[in-house]
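# A look at the structure
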2 protein chains.
Amino acid sequence: MDKSLLARRIAVAAKREPADVVIKNGKIVDVMNGEILEADIAIVDGYIAGIGHYEGLEYVDAKGQYISPSFTDGHVHIESSMVTPAEFAKVLLSRGVTTAIADPHEIANVLGSEGIQYMLDSSENLPFDFYFMLPSSVPATEFEHSGARLCASDLQPFYRQPRVLGLAEVMNSHAVYTAEQDMLEKIIDATVNGKKIDGHAAGLSPDYLNVYMSAGIRTDHECISAEEAKERLRRGMYLMIREGTVAKDLHQLISVVNDRNARRCLFVTDDKHLDDILLEGSIDHNVRLAVAAGVSPITAIQMATLNAAECFGLHHKGAIAPGYQADLIFLENLTDLKVTKVFKSGQLMVDNGVLIHPVDQPFVNESKRILHSVHFTDLKTTDLHLKLNRNKANIIGIIPNNLVTKHLVEEVELMETGLFSTSIAKDQLKLAVIERHNQGKHIGLGIVKGLGLKSGAIATTIAHDSHNLIIAGTNDQDMIVAANAIKELQGGLVVVKEGKVLASLQLSIAGLISTKTYKEVQLELEEIHLALKELGANQHFNPFLTLSFLALPVIPELKLTDMGLFSSSKFTHIGIDEIED
Amino acid sequence: MDKSLLARRIAVAAKREPADVVIKNGKIVDVMNGEILEADIAIVDGYIAGIGHYEGLEYVDAKGQYISPSFTDGHVHIESSMVTPAEFAKVLLSRGVTTAIADPHEIANVLGSEGIQYMLDSSENLPFDFYFMLPSSVPATEFEHSGARLCASDLQPFYRQPRVLGLAEVMNSHAVYTAEQDMLEKIIDATVNGKKIDGHAAGLSPDYLNVYMSAGIRTDHECISAEEAKERLRRGMYLMIREGTVAKDLHQLISVVNDRNARRCLFVTDDKHLDDILLEGSIDHNVRLAVAAGVSPITAIQMATLNAAECFGLHHKGAIAPGYQADLIFLENLTDLKVTKVFKSGQLMVDNGVLIHPVDQPFVNESKRILHSVHFTDLKTTDLHLKLNRNKANIIGIIPNNLVTKHLVEEVELMETGLFSTSIAKDQLKLAVIERHNQGKHIGLGIVKGLGLKSGAIATTIAHDSHNLIIAGTNDQDMIVAANAIKELQGGLVVVKEGKVLASLQLSIAGLISTKTYKEVQLELEEIHLALKELGANQHFNPFLTLSFLALPVIPELKLTDMGLFSSSKFTHIGIDEIED
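Here's what I pulled together on the structure shown here. (Residues numbered from 1 in each chain as written. Chains lettered and ligands numbered in written order. Predicted model: local features only at pLDDT ≥ 70, side-chain atom pairs only at ≥ 80, totals over all residues. Heavy atoms only, no water.)

## A closer look at the packing of aromatic side chains
Where we set the bar: Here the aromatic set is Phe, Tyr and Trp, taking the six-membered ring for Trp, and pairing holds for ring centres within 6.5 Å; pairs whose planes are under 30 degrees apart are stacked, those over 60 apart are edge-to-face, and all others are tilted. Three exposure classes are used, based on accessible area relative to the maximum for each residue type with a 1.4 Å probe and protein chains only: buried under 20%, partly exposed in between, and exposed over 50%. In this scheme, Lys NZ or Arg CZ marks a charge over a ring once it lies within 6 Å of the ring centre and within 35 degrees of the ring normal.
A full pass over the atoms with the stated rule returns 14 aromatic pairs over all chains. Considering the side-chain rings of Phe128(A) and Phe130(A), the 4.5 Å spacing of their centres and the 35° angle between planes classify their relative orientation as tilted. Given a relative accessible area of 2%, Phe128(A) falls into the buried group. The exposure class of Phe130(A) is buried, given its relative accessible area of 1%. Through successive ring pairs, a cluster of aromatic residues spans Phe88(A), Phe128(A) and Phe130(A). In this structure, Lys15(B) packs its charged tip against the face of Tyr54(B), placed 4.8 Å from the ring centre. Over the ring of Tyr177(A) we find Arg16(B), and its NZ or CZ is 5.4 Å from the ring centre.

Pasting the structure below:
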């Protein structure tokens, strides 16, 4: 804190000097006292200096609109948007979100510490506040090969960064439960540095919550029922109410919010894709849904502002009060909460819902590793040969718009050689997961049902959590073309038909993020959508989104990693033709 | 944080090991979710490890009583109790208070940094958590001589102490308003160290609150009306609702507390004397009054627990939740909130309302200066000669039980020499304030009306804020005897009649605090009370308490410091016979 800035802020508060900007005629959403207040807001050097009657060098007429603190996303993986932090900021700014607590879990699974550092560097000095939690679970499991392994000692140096607020979603509940040494060290490092620890308590029982809370893990964004939400509040956890692209929990959870516990509740998106944010919004969408569900607008706004700030110890954020950052939004009303203007640190960024101020990509010294993260030996046809000892197989059954799959057992067609033959009629396609980090030549093969492709193949390097290359295809030749195309792009999404790439999206940053603008990415995504139609893909869900979760072993029932087929119920790898009759 | 302790806490939470203690059959006041919960509480190593069903090495049967987190006093001057932190802790423990945010403002005005260090040392390793805010205003004003002057650079080293949470009540509003350099430095030092800043916004207007908040001053405990309270909440200040010995604000302020803003409200005592705490309680009294005034018991308890913890960033306190300190109280019911049992860090300290566990005075290397702080040249009769040029004088008029005095102008009796002569008939007594820190020979003389002494003299070294020696008497001889007695005691309270000390209380620690137990102090206070009766003192208020505020120049209307009579309306010293006709 600079002494002359403090003196100037005081001089403006004391009315000895005019403010930079004074906002007049607004109805302030006072999240502290829980009411609407009519007064001027005086802003200097990006901070609020006074509420009352003020004079300024410039004036903004709010014309009777509501003025709220801007919103905070309490937990988000920026990588899920497939754009850089600067592009992500552009999209969120226009939605009234100016702060995000990001977990660089995806890029860290590819690039380790270098990935975390890239996210810090590429999010610096933006007119948007990115804070970071350090990925606690790299690799996510021992059932796949990731690009990195982060121990406590790897994370520890990052706590010196002021924008690092703590340890991200602790998902290895077994390691916490059994008090594994490295997990304890990660927890202690966060604690002694005065940082926070986020939980990831998917399906955990109240007893398990005791273990988490005892360890100092104080939030959860994974509960999916009101009962689970209540259990978390009762144990003292902050309840993060999630509404993302896949997980849409708000409707289930919002009924537990009341006047007494609302302070312990906040909003998150977790994973939300670019097109969905552009379509329906970010945290503004959560607020709107909450209000529509009957939560009072001031309470819903408190959840999106002050509560998130308190949860993460951001004492200069989340309220319209002197000494707080001038991060403000104008709302036409408190029912549909349409954001018209957005101020970040006193700067008008968005007007009439449109970004009017440049958001410059920070200069980042991108190492070769960041832009060249896809390493695997060229596939030979034999690499995709799937030999079965019988004509019955374990098959991954897709449930549309669900992370969970069904473990199917079906008859399959075999060639004379005993090799599996895809069947378009039965919708039995080949699935391959190829380790792409260290040229480890690990290839897992399987059979998937439900994608509905009638021809060609699709491939992507977004495959939670290790982000290996995953390919689904109707024939081996197109699968190999897809793999080659991905390698050429150094990561991304491709759609291949009859040996030709119909459409692609290059994600050359770690194979997860595009170097292009969000508008360019949006256009390329539309082309991919058209190409998928050409392959006859099921139109009721997003095949790439579905694909990106087929390699996530910890979620039921049957998944495929680069180490082979994985049964979550048996919690081990199984053979494709290893069937209990 | 110790790894093996964390592992053990997890092991207990996970039910692999038994808890140290399990509390059964209690109704838990769940301040997080705002409801009553029936479950076991498992405690290990002083922390809560689980809520649910647990087994332990020992069991406590709550027999259906309510179990609440124990209470926190958000702002208190321990010195006002006249006992050491250890003795203070004993008294508060039995009232269910286990944490206090103390401001060593009084002792710092006598001994400077050494006083602060003494309070830190003498409050260490107690079964009670003392945290400290660093006195921001030493000396409190320029209109008196204090024992020390603390600049920003004197305070700065204390921020390394983990029990130092910030900068205490900033009362020099003028220095903030005008952005004085040393004040800015104090504020910046607190801020860059991640610490809090308490306000002291007595009578400040909303515009002035903008100045305070802009400077990062985030609390106020000085508001005395609902309107002031609302203004503070609206500007984003934490509202500290005070109920002490002199200032009793709860009744006025409690009406502003509602479900939406209660999270921003907490309780303090500020200054509460030993006898009052013993009689009616500490923060438990605030909670009771709030409930009696219609606040729901859970909300009132949240204010006394979670809210105070959040205000000061104490993330392991103020709730019954795993990972939180096992600081708990049993309450018979939620109406009169009688505290029956008190656990501090899992240790049963109080049973049936009686302290059952030793509270050992920490060993403190008391320097000679701490125990020898009363330094003034022996008074000669002429030192008390008050010569007037006319028989009309400015007189300090006492308003019973009020810090404010009346500025009276009355005819007085003069001797032939022109010296003022006390008049018992007119209740015009002589008042003397003698600089007692540095043998500076500063003596202020004045006339006081309203004490009602019929004979003798009383003297004390407790005189806010500089704590010089203040003596009121019916005759000079007894005033000199009182001064000598005080010097002999090295501080305290004395009652003198006809040349003899009738009763005294020795306060040899800085002239403010006794080295004795609270029970001994209580007995000596009773003797003083009897002696005061013998002097015929007004029985409707405490003469020593009144005396202790007669030297506080910033409070209206007329006061006396060692530099002479002070008019708060003129904001300067005035002559006793300097009367505008």
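The discussion continues.
## A word on the pairing of strand 15 (residues 265-268) of chain B
Residue and element names in this part refer to chain B. For clarity, the threshold we go by: Where helices and strands are cited, they refer to DSSP runs of H or I of at least four residues and of E of at least two residues respectively, numbered from the N terminus. Paired strands are those between which DSSP finds at least two bridges.
Because side chains alternate across strand 15, one face comprises the buried residues Cys265 and Phe267, and the other comprises Leu266 and Val268, equally buried. As judged from the 4 bridges shared by strand 14 (residues 238-242) and strand 15, these two strands associate in the parallel manner. Residue pairing for strand 15: Ile241 is matched across the bridge by Phe267.

## Thoughts on empty space enclosed by the protein
Definition in use: Think of a 1 Å grid over just the protein atoms. A cavity is a set of points where a 1.4 Å probe fits yet cannot get out, a pocket is an open set with protein on both sides within 12 Å along at least five of seven lines, and lining residues have an atom within 4 Å of a point. Grid points are joined across faces, edges and corners, and a volume is the space filled by probe spheres set on the points. Think of it as three bins: nonpolar holds Ala, Val, Leu, Ile, Met, Phe, Trp, Tyr, Cys and Pro, charged holds Asp, Glu, Lys and Arg, and polar takes everything else, Gly as well.
Scanning all chains against the criterion turns up 6 cavities of 30 Å³ or more. As a volume, the largest cavity reaches approximately 130 Å³. Forming the boundary of the largest cavity are 13 residues, of which Asp259(A), Arg260(A), Arg263(A), Asp259(B) and Arg260(B) lie nearest the centre. Contributing elements (two or more residues each) for the lining of the largest cavity: helix 13 (297-304) of chain A together with helix 13 (297-304) of chain B. Residue classes in the lining of the largest cavity are distributed as 2 nonpolar, 5 polar and 6 charged. Of all elements in the fold, only strand 8 (71-76) and strand 9 (97-102) of chain B reach the threshold of two or more residues within the lining of the second largest cavity.

## A look at the relation of the copies chain A and chain B
Stated precisely, the cut-off is as follows: Copy-to-copy alignment: least squares on C-alpha atoms, limited to residues at pLDDT 70 or above in both. Only heavy atoms enter the contact rule, under which two residues are in contact if any of them lie within 4.5 Å.
Note on the copies: chain A fits chain B at an RMSD of 0.1 Å, the axial shift is 0.0 Å, and the rotation between them is 180°. The transformation just described matches what one would write down for a two-fold rotation axis. In terms of C-alpha distance to the rotation axis, chain A has Asp259(A) as its closest residue, with the C-alpha 3.0 Å off the axis. A shared interface surface links the copies, since 98% of the contact residues of chain A are contact residues in chain B too.

## Here we look at the interface of chain A and chain B
Just so we agree on the cut-off: Two parts placed together each lose some accessible area under a 1.4 Å probe, and adding up what both lose gives the buried area. By salt bridge we mean one thing: a side-chain nitrogen of Lys or Arg within 4 Å of a carboxyl oxygen of Asp or Glu. N or O atoms closer than or at 3.5 Å make up a polar contact, with two conditions inside protein: a donor-capable atom paired with an acceptor-capable one, and, for residues adjacent in sequence, both atoms drawn from side chains.
The interface of chain A with chain B comprises 66 residues on the first partner and 65 residues on the second. Looking at the side of chain A facing chain B, the largest losses of area belong to Lys3(A), Arg260(A) and Arg263(A), adding up to 14% of the total buried there. Inspection of the chain A/chain B interface yields 12 salt bridges. Ionic pairing is found between Lys15(A) and Asp207(B), a salt bridge with its closest N-O pair at 2.9 Å. Along the contact surface separating chain A from chain B lie 38 residue pairs in polar contact (both at pLDDT 80 or more).

## Some points on the packing of helix 7 (residues 181-192) of chain A against helix 1 (residues 3-13) of chain B
Stated precisely, the cut-off is as follows: Note on method: axes are straight lines fitted to C-alpha atoms, helices fitted across the in-contact stretch only, with angles between N-to-C directions ranging 0 to 180 degrees. Orientation is classified from the angle alone, with under 35 degrees giving roughly parallel, over 145 giving roughly antiparallel, 65 to 115 giving roughly perpendicular, and any other angle giving oblique.
Where helix 7 of chain A meets helix 1 of chain B, the closest approach of the two axes is 10 Å, and the angle between their N-to-C directions is 110°. Classed by the angle they form, the pair helix 7 of chain A and helix 1 of chain B counts as roughly perpendicular. For the pair helix 7 of chain A and helix 1 of chain B, contact is made by Gln181(A), Leu184(A), Glu185(A), Ile187(A) and Ile188(A) and by Lys3(B), Leu6(B), Ala7(B) and Ile10(B), respectively. When the residues that make up the contact of helix 7 of chain A with helix 1 of chain B are grouped by side-chain class, the tally is 6 nonpolar, 1 polar and 2 charged.

## Points about helix 9 (residues 226-234) of chain A
Residue and element names in this part refer to chain A. By the burial criterion, the buried members of helix 9 are Glu228, Ala229, Glu231, Arg232 and Leu233. Buried-residue contacts for helix 9 involve helix 8 (206-214), strand 13 (219-220), strand 14 (238-242), helix 10 (250-253) and strand 15 (265-268). Two residues or fewer after helix 9 comes Gly236, characterised by a positive phi angle close to 95°.

## Concerning the sheet that holds strand 30 (residues 558-561) of chain B
Residue and element names in this part refer to chain B. If you trace the 3 strands from one edge of the open sheet to the other, you get 30-31-32, paired in antiparallel fashion. Looking at strand neighbours, the two that pair on one side only are strand 30 and strand 32 (572-573), the edges of this open sheet. Judged from the 2 bridges that link them, strand 31 (residues 564-567) and strand 32 form a sheet pairing that is antiparallel. Residue pairing across strands places Ser567 opposite Thr572, the latter belonging to strand 32.

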